[in-house]
Amino acid sequence: MFFGGMAGSTAGGIKTVRLIVMAKHAYQEVFRIIHPHAVRAVKLGGKPVPGDILSGIWGFFFLFLTIHMISTLILAALGLDPISAFSAVSACIFNVGPGLGSVGPTQNFLAVPFLGKWVLIVGMILGRLEIYTVIVLFMPEYWRK
């Protein structure tokens, strides 16, 4: 449920193309440790992926993980057990349906406190619209002409 959406789809989670690029970049870094003088580029579809795209993908990945972790900690602090908190955030950010525990398939989100529901609503919006898109909307530079 954490990944699997195709590029351009409205599926939640981390898009498959980003995972492929991250895996190729990780392999390239291991290869560079073994062969420090080798010059190789990460390629996708036979074309090299620019460094700024690579850093953007890694930044997106760590931002996704950070938001997930902070949201889970907030829900746990509000009284949900760790499994319910983690799976509720996962279900909302990755748009996959029911979670586990008190938000599982035989339960609902009634056990989540009011503030926790707002955390999950923000998570749903971030997951569906992509994190960078929502962040850009709140940057003053975007609205200046």
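The following refers to the structure shown. Everything quoted here is computed from the prediction, not taken from an experiment. (Residues numbered from 1 in each chain as written. Predicted model: local features only at pLDDT ≥ 70, side-chain atom pairs only at ≥ 80, totals over all residues. Heavy atoms only, no water.)

### Examining the packing of aromatic side chains
To be explicit about the condition: Side-chain rings of Phe, Tyr and Trp, where Trp is taken by its six-membered ring, are said to pair if the distance between their centres is within 6.5 Å; with planes under 30 degrees apart they count as stacked, over 60 as edge-to-face, and otherwise as tilted. Elements are defined by DSSP. Helices are runs of H or I of four residues or more, strands are runs of E of two residues or more, and each kind is numbered from the N terminus. Note on exposure labels: buried denotes an accessible area under 20% of the residue type's maximum, exposed denotes more than 50%, and partly exposed covers the range between, all computed with a 1.4 Å probe on protein chains only. Each ring is checked for a lysine NZ or an arginine CZ that lies within 6 Å of its centre and within 35 degrees of its normal; such an atom marks a charge sitting over the ring.
One pass over the structure, following the stated rule, counts 9 aromatic pairs. A ring pair is formed by W58 and F62, whose centres lie 6.0 Å apart and whose planes are at 25°; its orientation type is stacked. Taken together, the positions of W58 and F62, both in helix 2 (residues 51–77) and 4 residues apart, correspond to about one turn of that helix. Residue W58 is classed as partly exposed on the basis of its relative accessible area, which comes to 24%. Between Y142 and W143 the ring centres are 5.0 Å apart and the planes differ by 85°, which places this aromatic pair in the edge-to-face class. Its relative accessible area of 47% is what places Y142 among the partly exposed residues. Classification of W143 by relative accessible area gives exposed; the value is 56%. Following the ring pairs from residue to residue traces out a cluster consisting of F60, F64, F94 and Y132. A cation sits over an aromatic face here: R40 above F31, 4.3 Å from the ring centre.

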